[in-house]
Amino acid sequence: MITIRGKHVFSAPSDLIWSHIFEPTSLAKLIPGCQELMQVSPDEYHGVIRVGIAAVSGTYRTRVKIREQRHPKYCLFDGEIDGPTGSLKGTVTFTLRELENHHTELSYEAQALISGALATLSGRLIESIACSLVNQSLARFDQELQALSQPSHTPS
């Protein structure tokens, strides 16, 4: 089992984050390598992820299910990734905490079991790669939220 955890401070209030995090387009940006994500029920998403790591490169099917929500502070997801070189099954929790100046801290923890060729990679390598990809995804999502919260200017 691998575990990753971390924090990210968004330049946006928690209500804005919460309202966008469950939209398929935004959620897809938060899932590293996600190329496609469709909402199939109010609490479930299916999609396609592209992995580009040497021996385990390929396209994988993914499923994400919301198990528990406490608006606007906490959510528990579980998910699966399945493809030609193995699978991953796990859970992700996140909490949002309001900070000063309309900033919000997101804390997350993910745990996963890996099987197949994916499991032959070093756990530390997988954790390191996953942390890097998650941080990149959170930074992209933050940029998107900042763009949404900017007042639109029309030329005069």
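Scroll up for the structure.
Cut-offs and rules
Residues numbered from 1 in each chain as written. Predicted model: local features only at pLDDT ≥ 70, side-chain atom pairs only at ≥ 80, totals over all residues. Heavy atoms only, no water. Helix = DSSP H or I, 4+ residues; strand = E, 2+ residues; numbered from the N terminus. Rg over C-alpha atoms; globule rule 2.2 N^0.38 Å. Buried < 20%, exposed > 50% of the residue type's maximum accessible area, 1.4 Å probe, protein only. Contact = heavy atoms within 4.5 Å. Areas by Shrake-Rupley, 256 points an atom, 1.4 Å probe, with all protein chains shown as cover. Lys, Arg positive; Asp, Glu negative; His and termini not counted. Charge placed at Lys NZ, Arg CZ, Asp CG, Glu CD. Phe/Tyr/Trp six-rings, centres within 6.5 Å; stacked < 30°, edge-to-face > 60°. Polar contact = N/O pair within 3.5 Å; in protein donor to acceptor, adjacent residues only side chain to side chain. Core = buried A, V, L, I, M, F, W, Y, C linked by side-chain atoms within 4.5 Å. Pairing = 2+ DSSP bridges. Axes fitted to C-alpha atoms, helices over the stretch in contact; angles between N-to-C directions.

This part takes up the overall build of the protein. Secondary structure assignment for the protein yields three helices and seven strands. In the protein, the succession of α and β elements from N to C terminus is β-α-α-β-β-β-β-β-β-α. Relative to the globule expectation of 15 Å for 156 residues, the C-alpha radius of gyration of the protein, 16 Å, shows essentially globular dimensions. Counting only C-alpha atoms and orienting by the principal axes, one finds that the protein spans roughly 55 × 30 × 30 Å. Out of the 156 residues in the protein, the part that is buried amounts to 39%. Look at the contacts in the protein between residues 6 or more apart in sequence, and 51% of them connect residues 24 or more apart. Carbon and sulfur atoms make up 54% of the accessible area of the protein, which totals about 8,800 Å². Here the protein contributes 14 positive and 16 negative side-chain charges, whose respective centroids are spaced 5 Å apart.

Take the packing of aromatic side chains next. Under the counting rule described, the total for this entry stands at six aromatic pairs. Note on F10 and F141: the rings are 5.8 Å apart at their centroids and 85° apart in plane angle, and the pair reads as edge-to-face. Here F141 lies in helix α3 (residues 123-149) and F10 lies in strand β1 (residues 2-10), a separation of 131 residues in the sequence. For F141, a relative accessible area of 0% translates into the label buried.

All right, on to the side chain of S87 then. Positionally, S87 belongs in strand β6 (residues 86-98). Engagement of the side chain of S87 in a polar contact is seen with the side chain of S115, the distance being 2.7 Å. If sequence neighbours within four positions are ignored, S87 has contacts with I81, D82, L113, I114, S115 and L118.

The tendency in soluble globular proteins is for nonpolar side chains to be buried as a group. Residues I17, I21, F22, F77, F94 and L106 are the most contacted members of the largest nonpolar core, which totals 33 residues. Those residues in contact with L106 that lie beyond four places of it in its chain are G6, K7, H8, F10, I21, F94, T95, L96 and L138.

A separate point is the sheet that holds β1. In space, the seven strands of this open sheet follow the order β1-β7-β6-β5-β4-β3-β2, with antiparallel pairing throughout. In the strand order of this sheet, the two ends are held by β1 and β2 (34-41), each with one partner. Averaged over all pairs of adjacent strands, the angle between their axes in this sheet comes to 20°, without regard to strand direction. Where β1 meets strand β7 (residues 104-116), nine bridges bridge the pair, whose relative direction is antiparallel. Within the sheet, the bridge partner assigned to K7 lies in β7 and is S107.

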